[in-house]
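Coordinate analysis (summary)
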Amino acid sequence: MKFVNLSLLSVFTILLVLPSCTKWKENRSNTPAVDHTIAQSTVHDLFRQAYYNAKIAEGKTQDIDECSNFSRDGENYPVTVTLDFGEENCEGRYNINRRGSVVMIIDKAFSESGAKITVNPQNFYVNDYKVEGNLEVSYSGRNAEENPTYKLTASELLFTVDESTSFTWSLNRTYELIDGKADMNFVWDDVFAVRGSANGSDREAAVYTAEIDEFLTYALNCRWPSAGKENLNTEDRDEREINYGDSESCSNKAEIKRKKKSKSLDMR
């Protein structure tokens, strides 16, 4: 009888410990932060395509991208611009591989306040991450500091890692041009202050939100932020702080802080 009672107690103890172990493992996982930074960098590349190619469509700069085939449908606005990167990866500037195409509908000259671009990737991959859905980029005009500002919104963008792995991301952010406005037609020295929020569901179905605490410094010619902080909250887990540093260099290094523990994150 004593043996039976002891066995029952052992089973009961195991049943109590198993959920606790699962929660402990989940709380240690930084997968939401990994997928968040992948989505963030991929959308930054879509913004780069919209920002740069809208100027080409307006005739204010030349197409110097050796990887994409630029075409424009329509003489008057709205116009449709298609960027065809081909069926195989082409490594463009700053070690970014792309394939597939991007279709952009531009409702009026992007130098005009209120102009909007609907960006639709089609079988489009950035560094082998496929992105699907519509991104809207609008020009809000100049703010009180006379800096051009842009609004980026998207709902439920889908990112595919492989046949069995995917995650989603939504955003509502502003890009403020803080450096490079002296020559608005030369974009490759442009640097933006990025503010706003994002949310998503990572590859393990964990739901999270991300709020920018200190604006992200994002150069157009870099895939990752060089400075700034975000607070990342995942359901039933400890809050994380993602610190992108405080420099002007282009680096894929960030730091994740959970309570008193910090860990390095290599952004992809």
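Everything here concerns the structure above.
All figures in this text were calculated on a predicted structure; none of them were measured in a lab.

Moving on: the state of the cysteines. Tallied over the full model, the rule gives 2 disulfides. The disulfide that involves Cys67 links it to Cys90, with 2.0 Å between the sulfurs. Between Cys67 and Cys90, the disulfide has an S-S torsion of -75° and is therefore left-handed. Pair noted here: Cys67 is in the loop between α2 (31-57) and β1 (69-73) and Cys90 is in strand β3 (residues 90-91), with a separation of 23 residues, a long-range link.

Cis geometry marks the peptide bond from Tyr77 to Pro78; its omega dihedral reads 0°. As for its placement among the helices and strands, Pro78 is situated in the loop between β1 and β2 (79-84). A positive phi angle, near 50°, is found at Asn127, a position not held by glycine. Within the secondary structure layout, Asn127 lies in the loop between β5 (116-126) and β6 (129-132).

Let's shift gears to the environment of Gly196. Among the structural elements, Gly196 can be located in strand β10 (residues 191-201). Owing to a relative accessible area of 25%, Gly196 belongs among the partly exposed residues under this scheme. Along the sequence, Gly196 and Lys151 sit 45 residues apart, while their C-alpha atoms lie 9.6 Å from each other. Setting aside chain neighbours within four positions, we find Gly196 in contact with Asn172, Arg173, Ala210, Glu211 and Ile212.

The next point concerns the packing of aromatic side chains. In this description, a pair of aromatic rings is defined by centroid distance and the angle of the planes. On inspection of all chains with the given rule, the structure shows 14 aromatic pairs. Centre to centre, the rings of Phe110 and Tyr139 are 6.2 Å apart; their planes meet at 50°, and the pair counts as tilted. In this pair, Phe110 sits in the loop between β4 (97-106) and β5 while Tyr139 sits in strand β7 (residues 135-142), placing the two residues 29 residues apart along the sequence. Looking at Phe110, the relative accessible area reads 5%, which means it is buried. It is Lys55 that lies over the ring of Tyr51; its NZ or CZ is 4.9 Å from the centre. Residue placement shows Arg99 over the ring face of Tyr125; its charged tip is 3.8 Å from the ring centre.

As judged from the 11 bridges shared by strand β8 (residues 148-162) and strand β9 (residues 165-179), these two strands associate in the antiparallel manner. Residue pairing in the sheet places Thr160 in a bridge with Ser166 of β9. Between the antiparallel neighbours β8 and β9 lie 2 residues. In this sheet, β10 lies alongside β9 in antiparallel orientation, the contact comprising 11 bridges. Each residue of the ladder has a partner; that of Tyr175, found in β10, is Val194.

What follows concerns the pairing of strand β14 (residues 253-258). The side-chain alternation of β14 yields one buried face, formed by Ala254, Ile256 and Arg258, and one unburied face, formed by Lys253, Glu255 and Lys257. Taken together, the 4 bridges between strand β13 (residues 240-246) and β14 define a ladder with antiparallel strand orientation. Residue pairing across strands places Glu241 opposite Lys257, the latter belonging to β14. Connecting the antiparallel pair β13 and β14 is a turn made up of 6 residues. The pairing of β14 with strand β15 (residues 261-266) spans 6 bridges and is classified as antiparallel. When the bridges of β15 are listed, Arg258 appears paired with Lys261. The antiparallel pairing of β14 with β15 creates a hairpin that spans 2 residues between the two strands, and Lys259 there sits at a positive phi of about 55°.

Counting 65 residues, the largest nonpolar core has Tyr51 and Tyr150 as its most contacted members. Considering every element that reaches this core, the biggest residue donor is α2, with 13 residues. If near-sequence neighbours (up to four positions away) are discounted, Tyr150 is found in contact with Phe47, Tyr51, Phe110, Ser138, Tyr139, Ser140, Arg173, Thr174, Tyr175, Met184 and Phe192.

About the cut-offs
Residues numbered from 1 in each chain as written. Predicted model: local features only at pLDDT ≥ 70, side-chain atom pairs only at ≥ 80, totals over all residues. Heavy atoms only, no water. Disulfide = S-S within 2.5 Å. Helix = DSSP H or I, 4+ residues; strand = E, 2+ residues; numbered from the N terminus. Buried < 20%, exposed > 50% of the residue type's maximum accessible area, 1.4 Å probe, protein only. Contact = heavy atoms within 4.5 Å. Phe/Tyr/Trp six-rings, centres within 6.5 Å; stacked < 30°, edge-to-face > 60°. Lys NZ or Arg CZ within 6 Å of the ring centre and 35° of its normal. Pairing = 2+ DSSP bridges. Core = buried A, V, L, I, M, F, W, Y, C linked by side-chain atoms within 4.5 Å.

This is a description of form; function is not addressed.
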